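# Inside the fold
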Amino acid sequence: MPTHPPSDDRYQRGLKALSEIDGQAGERVITAMADIAPDFARMLIEFPFGDVYTRPGLDLRSREVATIAALTAMGTATPQLEVHIEAGLNVGLSQEEIVETIIQMAVYAGFPAALNGLFAAKRVFAARAGHEAA
């Protein structure tokens, strides 16, 4: 049980944004954290989604392009990259836009990071095509 119950606007804004952006993938991450670190799950909802993603100035498509680029460049966050590739598709990015964002990172993060990012995108696109065909 969280030591600070989620009862404020940040949490509610965060839940709404998480649902809109990540859909079930985001909910699965939060659920997976509930038994080991419920406070961390609350922080994931409040800070990135309740505080940052809901700020004015960038639309969700732009925020997901930036997130996909950053996670690709990191090269160490493949599970999170896959969630945000899915999120990018959820907020209207095309597969081509996602691929081009990842290719752009070859210039700044190197070919291995871009290659890993492209393989992550390939897995997400294939999984999504499989769900759409079902």
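Reference entry: report on the structure contained in this document. Just so you know, the residues in each chain are numbered from 1, in the order the chain's sequence is written. Only residues with pLDDT of at least 70 are given local features in this predicted model, and only at 80 or more are side-chain atom pairs given and counted; all residues enter the totals for whole chains, interfaces and linings. Working from all heavy atoms in the structure, the side-chain values ignore hydrogens and water.

### Focus: helix α1 (residues 9-34)
Secondary structure elements are taken from DSSP: a helix is a run of H or I of four residues or more, a strand is a run of E of two residues or more, and numbering for both begins at the N terminus. Working rule for helices: expected span equals 1.5 Å times residues minus one. The end-to-end C-alpha distance of α1 is 20 Å, clearly below the 38 Å that 26 residues give at a rise of 1.5 Å each. Fitting axes to the seven residues ending at a residue and to the seven starting there, one defines the bend at that residue as the angle between these axes. The sharpest bend along α1 reaches about 120° and sits at Asp22. Regarding α1, the residues found buried are Tyr11, Gly14, Ala17, Leu18, Ile21, Asp22, Gly23, Ala25, Gly26 and Ile30. Contacts are assigned to residue pairs that have any heavy atoms within 4.5 Å of one another. Those residues of α1 that are buried are in contact with α2 (38-52), α3 (60-74) and α4 (78-90). With a 1.4 Å probe rolled over the protein chains alone, any residue whose accessible area is under 20% of its type maximum counts as buried; one over 50% counts as exposed, and the rest are partly exposed.

### Here we look at the packing of α1 against α2
Describing two packed helices takes the angle between their axes plus the distance from one axis to the other. Note on method: axes are straight lines fitted to C-alpha atoms, helices fitted across the in-contact stretch only, with angles between N-to-C directions ranging 0 to 180 degrees. It is at 8 Å that the axes of α1 and α2 come closest, and there the two elements cross at 145°. In the crossing of α1 with α2, the sense of the turn from one axis to the other is right-handed. Class assignment of the residues belonging to the contact of α1 with α2 gives a composition of 16 nonpolar, 2 polar and 6 charged. Definitions for this section: a left-handed crossing has its near helix turned counterclockwise from the far helix by less than a right angle. A right-handed crossing has that turn clockwise. Each residue receives one of three labels: charged for Asp, Glu, Lys and Arg, nonpolar for Ala, Val, Leu, Ile, Met, Phe, Trp, Tyr, Cys and Pro, and polar for the others, Gly being one of them.

### Points about the packing of aromatic side chains
Ring pairs are drawn from Phe, Tyr and Trp, using the six-membered ring of Trp, whenever the two centres fall within 6.5 Å, and their geometry is named by plane angle: stacked under 30 degrees, edge-to-face over 60, tilted for the rest. A full pass over the atoms with the stated rule returns 1 aromatic pair. Ring centres of Phe49 and Tyr53 lie 5.0 Å apart, and the angle between their planes is 15°; this geometry places the pair in the stacked category. Classification of Phe49 as buried rests on a relative accessible area of 8%.

### Regarding the nonpolar core
For this analysis, a nonpolar core means a set of buried residues of the types Ala, Val, Leu, Ile, Met, Phe, Trp, Tyr and Cys, connected via side-chain atoms within 4.5 Å. Counting residues in hydrophobic clusters, the biggest one holds 13 residues, and the most contacted among them are Ile68, Leu81, Ile85, Ile98, Ile102 and Phe125. At the level of elements, α3, α4, α5 (95-109) and α6 (111-133) are the ones that each hand at least two residues to this core. Broken down by element, this core gets its largest block of residues, 4 residues, from α6. For Leu81, the contacting residues outside a window of four places in its chain are Ile68, Leu71, Thr72, Gly117 and Ala120. Judged by nonpolar contacts, the second largest core, of 11 residues, contains Leu18, Ile30, Ala87 and Val91.

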